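Breakdown of the fold
Next come the chains, spelled out residue by residue.
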Amino acid sequence: MSNDNSLTHQRIRVRITKNYHQEPVISRLVSEYGLTVNIKAAFLGQDTISDGWFDLELEGTEAQIQNGLAYFEQLKLEIWDESRIGNW
């Protein structure tokens with residue numbers, strides 16, 4: 001029997017396009033989706049001419065993580081997960 005409330009981790013990399021540089025997209029993972037977010041690495045310059053990226057470790061229930069990833073997909077942000085880590 002599985003426990004739907006057990007915490008799990010997932011590591012992702014997300015590309016933040018320039019039109020979202022001023023938006024609190026990472027903060028919303030915490031406030032709206034209840035995730036704990038550990039930023040392992042990041043590149044996001046102050047200029048608005050290029051995209052940036054975050055290397056994130058997400059902690060939450062499976063449902064919370066899936067909802068957070070769906071949020072990124074709604075924003076049409078590119079996501080790499082652990083299965084594609086060799087492409088990082």
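Described below are features of the structure shown in this document. These figures come from a predicted structure and were not determined experimentally.

Notes on the pairing of strand 1 (residues 8–16)
The pairing of strand 1 with strand 3 (residues 52–60) spans nine bridges and is classified as antiparallel. Along strand 3, the bridge assignment pairs Arg13 with Asp55. With three bridges joining them, strand 1 and strand 4 (residues 79–81) adopt antiparallel strand pairing. Within the sheet, the bridge partner assigned to Arg13 lies in strand 4 and is Trp80.

Here we look at the packing of aromatic side chains
In the structure shown here, the tally under the stated rule is two aromatic pairs. The ring of Trp53 is capped by Arg13, whose NZ or CZ atom sits 4.0 Å from the centre of that ring.

Things to note about the nonpolar core
Among the nonpolar cores identified, the biggest contains 18 residues, and Val14, Val25, Leu56, Leu58 and Phe72 are the most heavily contacted of them. Listing elements by their share of this core, those giving two or more residues are strand 1, helix 1 (25–31), strand 3 and helix 2 (62–74). Top element by residues in this core is helix 2. It accounts for four residues. Excluding its chain neighbours within four sequence positions, the residues that come into contact with Val25 are Ile16, Tyr20, Tyr71, Phe72 and Leu75.

A word on unusual backbone geometry
A negative phi holds for most residues other than glycine; trans holds for most peptide bonds. Non-glycine residue Lys76 carries a positive phi angle of around 65 degrees. Looking at where Lys76 falls in the secondary structure, it is placed in the loop between helix 2 and strand 4.

Parameters at a glance
Residues numbered from 1 in each chain as written. Predicted model: local features only at pLDDT ≥ 70, side-chain atom pairs only at ≥ 80, totals over all residues. Heavy atoms only, no water. Pairing = 2+ DSSP bridges. Helix = DSSP H or I, 4+ residues; strand = E, 2+ residues; numbered from the N terminus. Phe/Tyr/Trp six-rings, centres within 6.5 Å; stacked < 30°, edge-to-face > 60°. Lys NZ or Arg CZ within 6 Å of the ring centre and 35° of its normal. Core = buried A, V, L, I, M, F, W, Y, C linked by side-chain atoms within 4.5 Å. Buried < 20%, exposed > 50% of the residue type's maximum accessible area, 1.4 Å probe, protein only. Contact = heavy atoms within 4.5 Å.

Any link to function would need more than the numbers given here.
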